[in-house]
Amino acid sequence: MRYLFYQGAITPEGVRNAQTLAWAAVADGEPALTLCIVSGGGDVTSGIGLFNYLDMLPIPVYTHAAGPCGSIAVTIFLAGRKRTAAPLSMFTTHQSTFSEGPHAGQRAPNTDLIAEPFKTVANWSDDDVAQRFGAVDFNFSPKEAKKFGIVDNVVDLKLGSGDALVNVFIPN
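Residues numbered from 1 in each chain as written. Predicted model: local features only at pLDDT ≥ 70, side-chain atom pairs only at ≥ 80, totals over all residues. Heavy atoms only, no water.

### Concerning the side chain of S39
No. 1: Here S39 is to be found in strand 2 (residues 33–39).
No. 2: The exposure class assigned to S39 is buried, which follows from its relative accessible area of 2%.
No. 3: Separated by 2.7 Å, the side chain of S39 and the backbone oxygen of G8 make a polar contact.
No. 4: In this structure, S39 is in contact with G8, A9, I10, P68, C69, G70 and A73, ignoring residues within four places of it in sequence. (Helix = DSSP H or I, 4+ residues; strand = E, 2+ residues; numbered from the N terminus. Buried < 20%, exposed > 50% of the residue type's maximum accessible area, 1.4 Å probe, protein only. Polar contact = N/O pair within 3.5 Å; in protein donor to acceptor, adjacent residues only side chain to side chain. Contact = heavy atoms within 4.5 Å.)

Printed below as a string of structure tokens:
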């Protein structure tokens, strides 16, 4: 099994590197791929792109929260066919906001785009989304994430001697 370890902000460059490494796993004949995520979030456009990219790969993609997983990183996490989280991880959701201009700090329309996988994958209702994508961060534990349909199992991931671990390079 090949494991990609994405630790850091979700950036266009980091996502491109993750996509390249994921396709290399396909080209190398890997039967499946696990994306380990430790990220507080970042660029929404890039994150949605990675979510969709992982979904279209011809091999199963699993995701594992190896530490804090927040904002758009949680949306990416939902791309996993099987989703696990380390006991010492945490999840954070919140609304997307305009970062500049006359609407700075206000809810951005792409919040609905970010939240859509929570409805389709985790079966959240509109009320669930409204409660967990507000102006204030909504933090929850791995056990709560399991209850909320985000995580399948809370486990410490153990790599085998034949497994490959590849770090995703995220330029500054």
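### Structural notes on the pairing of strand 2
No. 1: Of all seven residues that make up strand 2, seven are buried, and the element is covered over most of its length.
No. 2: Where burial is concerned, the two faces of strand 2 agree: the one with L33, L35, I37 and S39 and the one with T34, C36 and V38 are both buried.
No. 3: Bridge count between strand 1 (residues 2–7) and strand 2: six bridges; the pairing is parallel. Its bridge partner being in strand 2, R2 is matched across the sheet by L33.
No. 4: What joins strand 1 to strand 2 is helix 1 (residues 12–27), and the crossover it makes is right-handed.
No. 5: Sheet topology places strand 2 next to strand 3 (residues 61–70); six bridges connect them, and they run parallel. In the sheet register, T34 faces strand 3, and the bridge partner there is Y62.
No. 6: Handedness of the crossover is the feature at issue here: the chain leaves strand 2, passes through helix 2 (residues 44–56), returns alongside strand 3, and the resulting connection is right-handed. (Pairing = 2+ DSSP bridges. Right-handed = clockwise from strand over helix to strand, strands pointing away.)

### With respect to the packing of aromatic side chains
No. 1: Within this structure, the stated rule accounts for nine aromatic pairs.
No. 2: Look at F118 and W124: their rings are 4.8 Å apart centre to centre, the planes differ by 45 degrees, and that puts the pair in the tilted class. In this structure, F118 and W124 share a single accessibility class: buried.
No. 3: With centroids separated by 6.3 Å and ring planes inclined at 65 degrees, the aromatic side chains of W124 and F133 adopt a geometry described as edge-to-face. Just as W124 is buried, F133 falls in that class too. (Phe/Tyr/Trp six-rings, centres within 6.5 Å; stacked < 30°, edge-to-face > 60°.)

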